[in-house]
Amino acid sequence: MPRTRKKKIPVTNTDKASSSSTPTSSRTVIRRFHVLLKKQRQLKNVSSANAEVLGEIEHEIDELGGLAAYQRMSSIGQGNDRGGGSEKVLIQWLIHMGLRKRETQGKLRLLEVGALKPDNYRTCMSWIDTTPMDLRSRHPSIVEQDFLLMDEDENRGKWDTISLSLVVNFVPDPRDRGRMLCLAHSMLAPDGLLFLALPLPCVENSRYLTFDKLQSLMNVIGFTEVQQKWKKGGKMAYWLYRKSEGDYKPLDEYRKKNVCRQGDRNNFAILLP
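Rules behind the numbers
Every residue gets a number counted from 1 within its own chain, in the order that chain's sequence is written. For this predicted model, a pLDDT threshold of at least 70 governs which residues receive local features, and a threshold of 80 or more governs which side-chain atom pairs are given and counted, while totals over whole chains, interfaces and linings are taken from all residues. Hydrogens and waters are ignored; side-chain quantities use all the structure's heavy atoms. UniProt positions are given in the numbering used here, feature names are shortened, and annotations may be inferred rather than shown by experiment. Secondary structure is summarised from DSSP: a helix means a run of H or I of at least four residues, a strand means a run of E of at least two, and numbering begins at the N terminus for each. By the convention used here, residues are in contact when the closest approach between their heavy atoms is within 4.5 Å. Partly exposed describes any residue whose relative accessible area lies between the buried limit of under 20% and the exposed limit of over 50%, with all areas from a 1.4 Å probe on protein chains only and scaled to the type maximum. Strands pair, by our definition, only if DSSP identifies at least two bridges between them.

If you check an unreviewed UniProt entry, the chain appears there as 25S rRNA adenine-N(1) methyltransferase from Suillus discolor. Under the Function (unreviewed entry) heading, UniProt states for the chain: "S-adenosyl-L-methionine-dependent methyltransferase that specifically methylates the N(1) position of an adenine present in helix 65 in 25S rRNA." UniProt, in the comment section headed Subcellular location (unreviewed entry), describes the chain in these words: "Nucleus, Nucleolus".

What follows is the structure in structure tokens.
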């Protein structure tokens, strides 16, 4: 009896929000979105931008499925089988720091940016007051909001902890990645905590970023490292930072890409605005 071949589904198909997409297909779509979104933003910032070129870019974004497809692929990339579930790391660190027993100070106010589920911290409801937020909400309890467009004055010093887990790497522009970290610093209360999670290759195999360079950048913004977790050959890297005073160093080196390593590397970078 002859075999029947299964029909291949293109990586841009958005009919099913299934996590069955392969890591390679997810990364392919996400990388293409990053390229298109970056070009779109650059053209929109130029008054003499070619309307036809901009239209072609926006048409391709629509062809890929628009923001819905981008969010779907992002959520697939954040699945438990691909480095997701990082809230467990943060919870353990907070418990280790004794913050579960701060009843007299009230609950920890946690802003969870890029939340895919509304109840990631349900086991900690007695001591953590979580506000889950995402660009495209998948649940009524998740606030639909672009973190970069939040009112800085309204949120200044408001949050005890901010989680940026697999969020910074999905921001297309390196300067917006830096602006996101600066905004988080502004929104944290004194001695507040920032939880940062990135795919390990963003730091371990980047042409423009190393572990030392990231630490130096975070110090300049005004963060002191409290915890770090990653392993050689792993998929993810996690950091916990405490809000502090920034290092008063010249900022120029953090505002442009500087090659840290040669060879076959990726181009992930974080720049100050």
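Trainee: Can you tell me about the environment of Val203, naming the residues and giving the values?
Mentor: Inspection of the secondary structure assignment puts Val203 in helix α7 (residues 201-204). If sequence neighbours within four positions are ignored, Val203 has contacts with Leu198, Leu209, Thr210, Phe211, Leu214, Trp239 and Arg261.

Trainee: I'd like to hear about the pairing of strand β7 (residues 236-243), residue by residue, with values.
Mentor: The buried count for β7 comes to 7 of 8 residues, which makes it a mostly enclosed element. With 7 bridges connecting them, strand β5 (residues 188-199) and β7 associate as antiparallel partners. Bridge pairing links Ala197 to Tyr238 in β7. With 7 bridges joining them, strand β6 (residues 223-230) and β7 adopt antiparallel strand pairing.

Trainee: Talk me through helix α8 (residues 211-221); I want residue IDs and the actual numbers.
Mentor: Burial of α8 is extensive: 8 of the 11 residues sit out of reach of the surface. Buried within α8 we find Lys213, Leu214, Ser216, Leu217, Met218, Asn219, Val220 and Ile221.

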